Each structure stands twice: as C-alpha cells, then as structure tokens.
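# Observations on the model geometry
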Amino acid sequence: MSNFLWIPIMDPDGDRGWWGTTWIIAGIIVPSIGVKFLFISFVRFARDRKKKQIEAAA
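Right, let's walk through the structure included here. (Residues numbered from 1 in each chain as written. Predicted model: local features only at pLDDT ≥ 70, side-chain atom pairs only at ≥ 80, totals over all residues. Heavy atoms only, no water.)

## Let's talk about the overall build of the chain
A tally of helices and strands in the chain yields two helices and zero strands. For the chain, the proportion of its 58 residues judged to be buried stands at 9%. Split by element, the accessible area of the chain, about 5300 Å² in all, is 71% carbon and sulfur. (Helix = DSSP H or I, 4+ residues; strand = E, 2+ residues; numbered from the N terminus. Buried < 20%, exposed > 50% of the residue type's maximum accessible area, 1.4 Å probe, protein only. Areas by Shrake-Rupley, 256 points an atom, 1.4 Å probe, with all protein chains shown as cover.)

## Here we look at a nonpolar patch on the surface
Taken together, the side chains of I25, I28, I29 and I33 present a nonpolar region at the surface, about 370 Å² in accessible area. Among the secondary structure elements, I29 is positioned in helix α2 (residues 19–57). (Patch = residues over 30% accessible without salt bridge, like charges linked within 9 Å, V, L, I, M, F, W, Y side chains within 5 Å. Salt bridge = Lys/Arg side-chain N within 4 Å of Asp/Glu carboxyl O.)

Fair warning: the whole summary comes from geometry, so function is off the table for now.
This is how it looks when you write it as structure tokens:
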C-alpha cells in the first residue's frame, strides 16, 4: 500500500525521475512474477504426482 501512496504524497507533480515511479513499477511486476512462479510450481507438482500414479499402476 505504501508503494501506491508514495507518488501522491511525496511526488505530487508526477516527476518521472523520482523513486516513487520505480516503487510503483516494482509493486506491479514483483507480485506478477510471484503468481506465475506459484502457478508453474503447482503445475509441476501436479504433473509429477500424475506421473508417479501412472508408474505405480504399471
């Protein structure tokens, strides 16, 4: 939340060179990467589980 409050409070004129812009961009990118990592991990775990089930049945 502090990332989204940084620009209106610390940089109200919207200067592009200010750290606030960097924090806003990081606040968007980092959670996106985290969600993708969790999804990929879940798919990999499910694939491995299915593979073990098939091997156990054979």
